[in-house]
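Reading the structure
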Amino acid sequence: MLNHLPILQVIVPLLAAPSCLIINKARLAWVFAVFASMATWVISVALCLQVTSGGIISYSLGGWDAPWGIEYRIDALNVYVLLIISSISTVVLWAAYDSIQREVEEHRQPFFYVIYLLCLAGLLGMTAAGDVFNVFVFLEISSLATYTLIGMGRDRRALIAAYQYLIVGTIGATFFLVGVGFVYSMTGTLNMQDLAERLPELSSTRTVIAALAFIVVGICLKLALFPLHLWLPNAYAYAPSIAAAFLAASATKVALYLLIRFSYTVFSIEFVFGSLPVSAIFVSLGFMGVFIASLVAIYQSDIKRMFAYSSVAQIGYMIVGFGLGSATGLQAALLHMFNHALMKGALFLALAAVVYRVANPDISSMRGLGRRMPWTMAAIVVGGLSLIGMPLTAGFVSKWYLVLAALEANAWPVAMLVVLGSLLTIAYVWRIVETAYFASDSAPDNAPDSVSGFAPGSVSAARLNKMEAPLSLLIPTWILVLANIYFGIDTRLSVTLSEQAAVYLMGVTP
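What this report covers is the structure whose coordinates are included nearby. Sequence order as written defines residue numbering, which begins from 1 separately in each chain. Side-chain atom pairs in this predicted model are given and counted only at pLDDT of 80 or more, local residue features only at pLDDT of at least 70, and totals for whole chains, interfaces and linings cover all residues. To get the side-chain values, all heavy atoms of the structure are used, and hydrogens and water are removed first.

**Here's the deal with the overall build of the chain**
Quick reminder of the rule: A helix here means a DSSP run of H or I that spans at least four residues, while a strand means a run of E at least two residues long, and both kinds are numbered starting from the N terminus. All radius of gyration figures rest on C-alpha atoms, and the globule criterion is 2.2 Å times the number of residues raised to 0.38. Per-residue accessibility, obtained with a 1.4 Å probe over protein chains only, is compared with the maximum for each type, and a residue is labelled buried under 20%, exposed over 50%, and partly exposed between these values. Note on definitions: a residue-residue contact is assigned when non-hydrogen atoms from the two residues lie within 4.5 Å. In these tables, accessible area is a Shrake-Rupley quantity obtained with a 1.4 Å probe, and a residue counts as shielded only by the protein chains included in the view. Counted charges follow a simple rule, with Lys and Arg positive, Asp and Glu negative, and His plus the chain ends left uncounted. Charge coordinates come from a single atom per side chain, which is NZ of Lys, CZ of Arg, CG of Asp or CD of Glu.
For the chain, the helix and strand inventory stands at 22 helices and two strands. For 510 residues, the compact-globule formula gives about 24 Å, and the C-alpha radius of gyration of the chain, at 22 Å, lands near that figure. Referenced to the eigenvectors of the C-alpha coordinate spread, the extents of the chain come out at roughly 75 × 55 × 40 Å. Burial analysis of the chain (510 residues in total) assigns 61% to the buried set. Excluding contacts between residues fewer than 6 apart, the proportion of contacts in the chain whose partners are at least 24 apart in sequence is 79%. Of the accessible surface of the chain, which amounts to about 19,000 Å², a share of 68% is contributed by carbon and sulfur atoms. Taken together, the 25 basic and 24 acidic charged side chains of the chain have centroids lying 10 Å from each other.

This is the structure in structure tokens:
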């Protein structure tokens, strides 16, 4: 069984999805989905232990060795990403049942878990696949599932957001496939390891340069790198809160993984960063995303949209670390990938709790919630502090490494811009704190009845003190909140795994 863990990582959620469809009962489907996701987490932990102790794992499907057959190749980089995806998926699913009861129509609830597991399988498959065409196949599986998850929101604008993402996602997938076609036409292989050996001698050809450009643009559309991010705010704002929490914490991380994988492994760091002006382009686009998206977030009234634009900004930090082209810069990007998953998972789950009680994610609906929902709002405050990069939170660790990478490269302006970007984050996080804790304590006009769900109307003073979210939402939220604090104090796991991945990709000794 241990020899088949790489394929089980993908097969388990892929087979569990139609099983949920057969069950066709919301609660049973939810329980089954939770166990399936927990299985992927156990597998990812086992793979992590194997890679740490024994090195790279190569798994050939059907007995056909690479490059002739399909290979799943697990190394220090993708096992790190597998661990992030499976962990976040499991915690988010624990919180899903009550939230989905409120935000998804009853007859669609079993289907939500079917689509969720398909999305999970696609993300895990993209990460584990060792050949570029299978990356495309799993990219399409996860994308189609994502469009459906977004469109399941009760707000009809969710359908528009899903359609917008469908158009952009199709363009991105087409760009990616065209690039893969160019690479195949020049090398006759699709296996990543085989490509890494054949492409260096062809790197001066225009076809290979065009292939890199198409692949990078396609991935950046999925990554929501500024200015290719326009699909993301509406997608996160109108999707069910659980879907938004899962996607914000995992989908963009897999896209960043693909960008790193193709740049450092398939095309080689010497070609990408040595022959092309990639570093300057990515650092510039990264900081444009940080400052422009943060400024837009400050003026948002919808909290989901605010944190969606915040995600664009945080992606910018990851891209800056990637663009520096050094081992420390790459480690900073990988650390922020891990820490941002914790931040956004906690924040969007806390927002799911807010929506569960007040139905409306508008900032005006949060007046006085600091007193009526103390645990939920405390979770948002801690998540916001991690987003800012306050010491003793996970966000501080990755930004600290980003500053170190800038100083190592003697790029003082980059270090200063990282700090200035964090100051902008304070502005929109403070808006939430001010509204929740210092605004007048009056019930929002559209607060839901605790029994009837989304029925509008004011709530009585006696019930204002009973608005805290149920434990089924609070416990998973606080698991991620405490993780933000824990990994801000004890950094051994996150720093060690990210360092191993960075050292492996750079091809240097520790």
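Resuming the write-up.
**Points about the packing of aromatic side chains**
The cut-off we apply is this: Ring geometry is summarised as follows: Phe, Tyr and Trp rings, the Trp one being its six-membered ring, pair when their centres sit within 6.5 Å, and such pairs are stacked at plane angles under 30 degrees, edge-to-face over 60 and tilted between the two.
The final tally for this structure, using the stated rule, is 24 aromatic pairs. Consider the rings of Phe-133 and Phe-136, whose centres lie 6.0 Å apart with planes at 40 degrees: the pair is tilted. Of this pair, Phe-133 and Phe-136 both sit in helix 6 (residues 132-151), three residues apart, which is roughly one turn of the helix. A relative accessible area of 38% places Phe-133 in the partly exposed class.

**Looking at helix 3 (residues 76-94)**
Note the following rule: Here the expected span of a helix is defined as 1.5 Å times the quantity of residues minus one. Polar contacts, as used here, are pairs of N or O atoms within 3.5 Å; protein pairs need one atom able to donate a hydrogen and one able to accept it. Residues neighboring in sequence count only if both atoms are side-chain atoms.
In this model, helix 3 (19 residues) spans 28 Å end to end at C-alpha, consistent with the 27 Å of a helix rising 1.5 Å per residue. With 17 of 19 residues buried, helix 3 lies mostly within the body of the structure. Of the residues that open helix 3, the one with a side-chain oxygen 3.0 Å from the backbone nitrogen of Leu-77 is Asp-75.

**Topic: the packing of helix 1 (residues 5-23) against helix 5 (residues 109-128)**
We apply this condition: For helices, the fitted axis covers only the stretch in contact; all axes are lines through C-alpha atoms, and the angles between them, taken along N-to-C directions, range from 0 to 180 degrees. Reported orientations rely on four angle classes, namely roughly parallel under 35 degrees, roughly antiparallel over 145, roughly perpendicular from 65 to 115, and oblique for the rest. Handedness of a helix crossing follows the sense of rotation of the near helix relative to the far helix, less than a right angle counterclockwise being left-handed and clockwise being right-handed. Charged means Asp, Glu, Lys or Arg here, nonpolar means Ala, Val, Leu, Ile, Met, Phe, Trp, Tyr, Cys or Pro, and polar covers whatever is left, Gly included.
Here helix 1 crosses helix 5 at 165 degrees, and the two axes come no closer than 8 Å. One finds that helix 1 runs roughly antiparallel with respect to helix 5. Judged by the twist between their axes, the crossing of helix 1 over helix 5 is left-handed. Only Phe-111, Tyr-113, Val-114, Leu-117, Leu-118, Leu-120, Ala-121, Leu-124, Gly-125 and Ala-128 of helix 5 make contact with helix 1, whose side of the interface consists of Gln-9, Val-10, Pro-13, Leu-14, Ala-16, Ala-17, Cys-20 and Leu-21. Among the residues making up the contact of helix 1 with helix 5, the classes are represented as 16 nonpolar, two polar and no charged.

**Re the side chain of Asp-302**
Among the structural elements, Asp-302 can be located in the loop between helix 13 (278-298) and helix 14 (303-324). Beyond its immediate stretch of four places on either side in the chain, Asp-302 contacts Pro-361 and Asp-362.

**Brief notes about the environment of Ala-352**
Its location among the elements puts Ala-352 in helix 15 (residues 327-358). C-alpha separation for the pair Ala-352 and Gln-164, spaced 188 residues apart in sequence, amounts to 23 Å. Setting aside anything within four residues of it in sequence, one finds Ala-352 in contact with Ser-99, Glu-103, Ser-241 and Leu-473.

**Some details on a nonpolar patch on the surface**
What counts, and what does not: Patch definition: residues with relative accessible area over 30% and no salt bridge; like charges joined within 9 Å; nonpolar side chains (Val, Leu, Ile, Met, Phe, Trp, Tyr) joined within 5 Å. Criterion for a salt bridge: a side-chain nitrogen of Lys or Arg within 4 Å of a carboxyl oxygen of Asp or Glu.
A cluster of nonpolar side chains, contributed by Val-31, Phe-35, Met-38, Trp-94, Leu-471, Ile-475 and Ile-479, occupies part of the molecular surface with about 630 Å² of accessible area. Of all elements in the fold, only helix 2 (26-54) and helix 21 (471-489) reach the threshold of two or more residues within the nonpolar patch. Within the element layout of this structure, Val-31 appears in helix 2. Overall, the relative accessible area of 31% leaves Val-31 in the partly exposed class.

**A few points about the side chain of Asp-131**
Here Asp-131 is to be found in the loop between helix 5 and helix 6. Among buried charged residues, Asp-131 stands out as having no salt bridge; its nearest opposite-charge side chain is Arg-73, 12 Å away. A polar contact is formed between the side chain of Asp-131 and the side chain of Asn-134, at a distance of 2.8 Å. If we skip the residues at most four places from it in the chain, Asp-131 touches Ile-70, Glu-71, Leu-190, Asn-191 and Met-192.

**Focus: the nonpolar core**
This is how it is decided: The set of buried Ala, Val, Leu, Ile, Met, Phe, Trp, Tyr and Cys residues whose side-chain atoms join them within 4.5 Å is what this entry labels a nonpolar core.
Membership of the largest hydrophobic core comes to 177 residues, with the highest contact counts inside it found for Phe-112, Tyr-113, Phe-262 and Phe-267. The contacts of Phe-262, once residues within four sequence positions are left out, are Val-132, Phe-176, Met-192, Ile-215, Ile-219, Phe-267 and Ser-268. Judged by nonpolar contacts, the second largest core, of 19 residues, contains Val-283, Val-320, Ala-332 and Val-414.

**Focus: the pattern of salt bridges**
Per the counting criterion, the structure on display carries six salt bridges. A salt bridge links Arg-198 to Asp-194; its shortest N-O distance comes to 3.2 Å. With Arg-198 and Asp-194 both in helix 8 (residues 192-198), this residue pair falls four residues apart, about one helical turn.

**Here we look at the environment of Arg-198**
Take Arg-198: its relative accessible area is 34%, and that puts it in the partly exposed class. In this structure, the C-alpha to C-alpha distance between Arg-198 and Gly-188, residues 10 residues apart in sequence, is 9.6 Å.

**Comments concerning the packing of helix 3 against helix 22 (residues 492-506)**
Relative orientation of the contacting elements helix 3 and helix 22 amounts to 145 degrees, with a least axis distance of 8 Å. Contacts between helix 3 and helix 22 involve Ala-76, Leu-77, Tyr-80 and Leu-83 from the first element and Ser-494, Leu-497, Ser-498, Gln-500, Ala-501, Tyr-504 and Leu-505 from the second. Classifying every residue of the contact of helix 3 with helix 22 gives eight nonpolar, three polar and no charged.

What is shown is where atoms sit, not what they do.
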